[in-house]
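Summary of the model geometry
Single-letter residue listing:
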Amino acid sequence: MNQKNIPVTQPFLPELTEFIPYLEKIWDNRWLTNNGPFHQQLEAELCKYLGIEYISLFNNATIALITALQSLRITGEVITTPYSFVATSHSILWNGLKPVFIDIDPTTFNIDPAKIEAAITPRTTAIMPVHCYSNPCNVEAIQKIADNYGLKIIYDAAHAFAVKYKNESLLRWGDLSILSFHATKVFNTFEGGAIICPDAKTKQRIDRLKNFGIADELTVTAPGINGKMSEINAAFGLVQLKYIDQAMQQRQAIDAYYRKALAEIKGITLYQHNLDANSNYSYFPILVEPDYHLTRDELYEKLKEHNVLSRRYFYPLISNMPMYRDVATADIENLPHANNIANKVLCLPIFHELTVVDQLTIINIIKGI
Ligand SMILES: Cc1ncc(COP(=O)(O)O)c(C=O)c1O
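Now for a look at the structure at hand. (Residues numbered from 1 in each chain as written. Predicted model: local features only at pLDDT ≥ 70, side-chain atom pairs only at ≥ 80, totals over all residues. Heavy atoms only, no water.)

**Quick word on the sheet that holds strand S13 (residues 284–288)**
Across the sheet, which stays open at both edges, the three strands sit in the order S12-S13-S14 with antiparallel pairing between neighbours. The outermost strands of the open sheet, each flanked by one partner alone, are strand S12 (268–270) and strand S14 (345–348). Across the sheet, the mean angle from the axis of one strand to that of its neighbour is 35°, orientation sign disregarded. Relative to S13, S12 is paired through three bridges, and the arrangement is antiparallel. Considered in S13, the bridge of Leu 270 is made with Ile 286. Its contacts with the sheet place helix H9 (residues 296–305) against S12, S13 and S14, and it is angled at close to 25° to S14. Together, S13 and S14 form the strand contacts of helix H10 (residues 336–344), whose direction differs from that of S14 by roughly 45°. (Pairing = 2+ DSSP bridges. Helix = DSSP H or I, 4+ residues; strand = E, 2+ residues; numbered from the N terminus. Axes fitted to C-alpha atoms, helices over the stretch in contact; angles between N-to-C directions. Contact = heavy atoms within 4.5 Å.)

What follows is the structure, given as structure tokens:
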């Protein structure tokens, strides 16, 4: 039996010696935060790498989501998915807005566009979908509805680093997209995030909002927040970027190995990615169906007994959390697919350094060998 834990994920870390010269530079020029040289360089390199025009770096994606809603002056109700990390809905609540939950598509686990129109009221001003596990939402259908009703779209793209949809960056869809660079994400800056926007004017507004709303030394134009990314985080991002393709390739091989080994197991369903997009292989979710010989939670515990730390991601469902109980659309009857998936999902370990031996351990436990 494996003695050490196999975590669900592990960050890519370059050699420490490679990071030291960046720190020396920060020490030399004594510019620690507030749009420093590494911050500017990372914004420029990410635009190039991701194939986007404008990006504004943040200290994390949650503050970026909150700021995104502020930047578009969203009011009233925001249509969103319950099948996400809590930060999605929390950002709506932190703006004093009402989340309106609609159900997900049971194959993509993303917001079901067919459910949007019925959820629109005179108070609806925006839609906040999530590209779950880096799989694109039905962006065309969502855009069409938003255009028809004059709604803004803010994509929580926390999972969707480096995803291209029909050969273009997925992050170009909607009014804004938000990335997370948290330590558990495929590209990380320890903590970090970003807003992707389509024009310089919007970037300027977002840049001011993340810096207390300050326009210049004497002028504060909005009630902003402190959402700035520091030079240390930005410098780390620059080093990460050199290895991101390699890290994703390693993850791809792990994904392929799981797919082959787990394809024919009774009661285990594998999550499928959209063939028009590339995955970044950030997660490996499976569904534990009723005809598997264990329940999802039993399998989770069994893996844990063997030091394998899988994760029930996303469970519990946001709409079942106490702070959302008052929201009428949080009712289980309104969200059958989201509830069903949340009760069956299990994310298996996937990260660049997961060894074949450890992967076999996981596969054999699932096979019951
Ligand atoms: C879908 C989603 N949205 C938002 C967040 C929040 O990101 P952060 O931890 O950078 O604030 C996360 C992850 O942590 C996430 O998975």
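**Re the nonpolar core**
Among the nonpolar cores identified, the biggest contains 51 residues, and Leu 42, Leu 46, Ile 79, Phe 161, Leu 179 and Phe 181 are the most heavily contacted of them. When residues of this core are traced back to their parent elements, those giving at least two are helix H1 (16–29), helix H2 (37–50), strand S1 (54–58), helix H5 (116–119), helix H6 (139–149), strand S5 (152–156), strand S9 (193–197) and helix H8 (231–262). No other element matches H8, which puts eight residues into this core. Excluding anything up to four places from it in sequence, Leu 42 contacts Leu 57, Phe 187, Thr 189, Met 229, Ala 234, Gly 237, Leu 238 and Leu 241. Membership of the second largest hydrophobic core comes to 26 residues, among which are Ile 6, Leu 262, Ile 265 and Tyr 281. (Core = buried A, V, L, I, M, F, W, Y, C linked by side-chain atoms within 4.5 Å. Buried < 20%, exposed > 50% of the residue type's maximum accessible area, 1.4 Å probe, protein only.)

**Details of H1**
The terminal C-alpha atoms of H1 lie 21 Å apart, and with 14 residues this matches the ideal 20 Å at 1.5 Å per residue to within 8%. Among the residues of H1, those classed as buried are Phe 19, Tyr 22 and Ile 26. Looking down the long axis of H1, one finds its buried residues gathered within 55° of arc, a one-sided arrangement. Of the residues in H1, the exposed ones pointing more than 90 degrees away from the buried face are Thr 17, Trp 27 and Asp 28. Tucked inside the fold, the buried residues of H1 contact H2 and H8. Arg 30 lies just past H1 and shows a positive phi near 55°. (Expected span 1.5 Å × (residues − 1). Arc of directions from axis to C-beta.)

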